[in-house]
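Residue strings, one per chain:
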Amino acid sequence: MAIGIVAQAIAFILLARYLGTVQFGHLVTVTAVTALANSWCGFGPGELLRRVVSRDRSMYPQAIGHTVLMILITGIVLSVLVVAGMMLFVPDGSDPLEYLLILSLLVPTNVIFPSYINMVENVFLARGDFKRANIVNGGSGLVRALAAVVACGFFGLSSLLSWALVWAAVHVVMCLLCVAAIWRFGRPRWRILQNEIWLGGNLALSSFFIGLRHNVDVLVLSAVTSPEFVGIYGAGRRVIGAALVVPGSFDRVIYGNLAVAGKDGAAASLKLARRYLIYSVAISGATSVALFLVAPFAPLIFGGAFGAASDVIRILAWTVITTAIQFLAFDALNASEHHKVSTIVGSIANAAGAAMVVVFGSVYGTFGIFVALYLSDITRGGALWFALHWLARRQHGETAQGTEA
């Protein structure tokens, strides 16, 4: 967790300082759009491996083959669509050909490669090998940070195009290393698992709305304010995003247990999720406090031009807690194979949250965005936990009826 947080922080701190507010603002916008596309890439590749292989390791060839095929097919289609769509909105003062080259490098790298690296991490998680899973997770973050250190510190990186070249090359190398890491587990069986497309599609739709909720603020700001402020706001948001590694890492560790419990239905998942909830809140709460305390040092880290990022971090620090609570309920639903319920509930809540951000942000500016972010977090978390409780009560009722019969 520490390696992931520090590595991400170093990378975007250096990029903010060396690219400046305008180019960093463009990078933040591209990152927000590609994050939405990445939510569809592979149709939830990590969840399939954790759920299926955790229960039956003999399913690994089918699971890995299906996952790789889905990543490639969806990733290529999504990359083409995103590049074509973003070329319709070339930033003022930018060279269209240079911007096309930047997108051609950044978009596939941000859409396809993270899904593959995430898949490899989950191969180890499904086998209970947390050490190697952490190496993949922390190692990829460390390599990205080293790339930023070398590009900025040694070569004086000053353009977004240069960073796009470095970013793409580094991810190609990491993916080749990931191939070598899982090669010993056997060859994939190249086939699409029809039943997993529906489950994965539900998860991808839900992830898309989560991504929309977490990135719509940047998209709204990109439409209503200058690239300079988008860069400042993006710097603060990236700090919060890095901190989410903490509750996310906790969920990585416990998901296998939730999946095993989920074989007995939502009631068992709920019982275990309740036990984990206190730990999740404690870990995320400590993270929020730490963020609030270090926020005033943002200008020293990012540079004087990013002074307003301190306010962004202080205000949004507590969203780490609300997000952690959502993570746990969402995973408990999927672990008990209630993908459809989690998708419907999560998608509606996230769509409502995104709408709140758009409306509040357009009317009240950044203050409205902050209010909408908290309201949408509370709405989604409450809805997911309510759904989990409802499914558990329904299961208890069906069990009681069966016993009486």
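Above: the structure in question.
Right, let's walk through the structure included here. (Residues numbered from 1 in each chain as written. Predicted model: local features only at pLDDT ≥ 70, side-chain atom pairs only at ≥ 80, totals over all residues. Heavy atoms only, no water.)

**Let's talk about the overall build of the chain**
Piece 1. A tally of regular secondary structure across the chain gives 16 helices and zero strands.
Piece 2. The C-alpha atoms of the chain give 21 Å as radius of gyration, which agrees with the globular expectation for 405 residues (22 Å, within 12%).
Piece 3. In terms of overall dimensions, the chain has a C-alpha envelope of 75 × 50 × 35 Å along the principal axes.
Piece 4. Taking all 405 residues of the chain together, the buried fraction comes to 52%.
Piece 5. Excluding contacts between residues fewer than 6 apart, the proportion of contacts in the chain whose partners are at least 24 apart in sequence is 82%.
Piece 6. Total accessible area on the chain is roughly 17,500 Å²; 69% of this is exposed by carbon and sulfur atoms.
Piece 7. Seen as two clouds, the 26 positive and the 18 negative side-chain charges of the chain have centres 9 Å apart. (Helix = DSSP H or I, 4+ residues; strand = E, 2+ residues; numbered from the N terminus. Rg over C-alpha atoms; globule rule 2.2 N^0.38 Å. Buried < 20%, exposed > 50% of the residue type's maximum accessible area, 1.4 Å probe, protein only. Contact = heavy atoms within 4.5 Å. Areas by Shrake-Rupley, 256 points an atom, 1.4 Å probe, with all protein chains shown as cover. Lys, Arg positive; Asp, Glu negative; His and termini not counted. Charge placed at Lys NZ, Arg CZ, Asp CG, Glu CD.)

**Overview of a nonpolar patch on the surface**
Piece 1. Residues V289, F292, L293, V294, F297, L300, I301 and W318 make up a contiguous nonpolar surface patch of about 760 Å² in total accessible area.
Piece 2. Elements with a contribution of two residues or more to the nonpolar patch: α11 (266-294) and α12 (298-302).
Piece 3. Per element, the largest residue contribution to the nonpolar patch is four residues, and it comes from α11.
Piece 4. Relative to the elements of secondary structure, V294 occurs in helix α11. (Patch = residues over 30% accessible without salt bridge, like charges linked within 9 Å, V, L, I, M, F, W, Y side chains within 5 Å. Salt bridge = Lys/Arg side-chain N within 4 Å of Asp/Glu carboxyl O.)

**Some words on the nonpolar core**
Piece 1. Among the nonpolar cores identified, the biggest contains 93 residues, and F24, M119, W163, I182, Y233 and F302 are the most heavily contacted of them.
Piece 2. Among the elements that take part in this core, helix α1 (residues 2-38) stands out by supplying 14 residues, more than any other.
Piece 3. Ignoring any residue separated from it by four or fewer positions in sequence, one finds Y233 in contact with D217, V218, L221, V312, L316, I369, F370 and L373. (Core = buried A, V, L, I, M, F, W, Y, C linked by side-chain atoms within 4.5 Å.)

**Thoughts on the state of the cysteines**
Piece 1. Under the definition given, this model contains zero disulfides.
Piece 2. C178 forms no disulfide, and the closest cysteine sulfur to it belongs to C175, at a distance of 5.9 Å. (Disulfide = S-S within 2.5 Å.)

**Concerning the environment of A11**
Piece 1. Position of A11 among the secondary structure elements: in helix α1.
Piece 2. Note: C-alpha distance between A11 and R144 (133 residues apart in sequence) is 6.7 Å.
Piece 3. Those residues in contact with A11 that lie beyond four places of it in its chain are R144, A145 and A148.

**Some details on the packing of helix α2 (residues 45-55) against helix α3 (residues 60-86)**
Piece 1. For the pair α2 and α3, interaxial distance at closest approach is 10 Å and the crossing angle is 175°. Viewed along their axes, α2 and α3 adopt a mutual orientation that is roughly antiparallel. Of the residues in α3, those in contact with P45, L48, L49 and V53 of α2 are Y60, A63, I64, H66, T67 and I71.
Piece 2. Of the residues in the contact of α2 with α3, the class split is eight nonpolar, two polar and no charged. (Axes fitted to C-alpha atoms, helices over the stretch in contact; angles between N-to-C directions. Parallel < 35°, antiparallel > 145°, perpendicular 65-115°, else oblique. Nonpolar A, V, L, I, M, F, W, Y, C, P; charged D, E, K, R; others polar.)

**Remarks on the packing of aromatic side chains**
The geometry of an aromatic ring pair is captured by two quantities: the separation of the ring centres and the angle between the planes.
Piece 1. If you walk through the whole model with that rule in mind, you get nine aromatic pairs.
Piece 2. The interplanar angle of 35° and the centroid separation of 5.8 Å between the aromatic rings of F292 and W318 together place this pair among those described as tilted. Of this pair, F292 sits in helix α11 while W318 is found in the loop between α13 (309-316) and α14 (319-335), placing the two residues 26 residues apart along the sequence.
Piece 3. For W318, a relative accessible area of 34% corresponds to the partly exposed category.
Piece 4. Measuring from ring centre to ring centre gives 6.4 Å for F360 and Y364, while their planes differ by 85°; the resulting arrangement is edge-to-face. One end of the pair is F360 and the other is Y364, both in helix α15 (residues 339-364) and four residues apart, which spans about a single turn.
Piece 5. Among the aromatic residues, ring-to-ring pairing joins W40, F43 and F208 into one connected group.
Piece 6. Residue placement shows R127 over the ring face of Y60; its charged tip is 5.2 Å from the ring centre. (Phe/Tyr/Trp six-rings, centres within 6.5 Å; stacked < 30°, edge-to-face > 60°. Lys NZ or Arg CZ within 6 Å of the ring centre and 35° of its normal.)

**Describing the packing of α11 against α14**
Piece 1. Relative to each other, α11 and α14 sit at 160°, their axes nearing to 8 Å. In terms of their interaxial angle, α11 and α14 are classed as roughly antiparallel. The interaxial crossing formed by α11 with α14 has right-handed handedness. Residue-level inspection shows S269, A273, Y276, L277, S280, V281, S284, G285, T287, S288 and L291 of α11 in contact with α14, the latter providing V320, I321, A324, I325, L328 and A332.
Piece 2. For the contact of α11 with α14, the class distribution of residues is eleven nonpolar, six polar and no charged. (Left-handed = near helix turned anticlockwise from the far one by under 90°.)

**Focus: the environment of L205**
Piece 1. Position of L205 relative to the elements: it lies in helix α8 (residues 194-224).
Piece 2. Taking the C-alpha atoms as reference points, L205 and A243, 38 residues apart in sequence, are found 24 Å from one another.
Piece 3. Setting aside chain neighbours within four positions, we find L205 in contact with W40, T343 and S347.

**What about helix α10 (residues 245-262)?**
An α-helix turns once every 3.6 residues. As a result, residues three or four positions apart point the same way.
Piece 1. The terminal C-alpha atoms of α10, which comprises 18 residues, lie 24 Å apart, in line with the 26 Å expected from a rise of 1.5 Å per residue.
Piece 2. Where α10 bends most, at I254, the angle is about 40°.
Piece 3. Burial analysis of α10 places 13 of its 18 residues in the buried class, which makes it a mostly covered element. (Expected span 1.5 Å × (residues − 1). Bend = angle between axes of the 7 residues up to and from the residue.)

**Looking at the environment of F302**
Piece 1. Counting through the fold element by element, F302 comes out in helix α12.
Piece 2. A relative accessible area of 3% places F302 in the buried class.
Piece 3. In this structure, F302 is in contact with F12, I13, A16, R17, A235 and V239, ignoring residues within four places of it in sequence.

**A short note on the side chain of E121**
Piece 1. Inspection of the secondary structure assignment puts E121 in helix α5 (residues 113-126).
Piece 2. Engagement of the side chain of E121 in a polar contact is seen with the side chain of N137, the distance being 3.2 Å.
Piece 3. Ignoring anything within four residues of it in the chain, the contact list for E121 reads A133, V136, N137 and R252. (Polar contact = N/O pair within 3.5 Å; in protein donor to acceptor, adjacent residues only side chain to side chain.)

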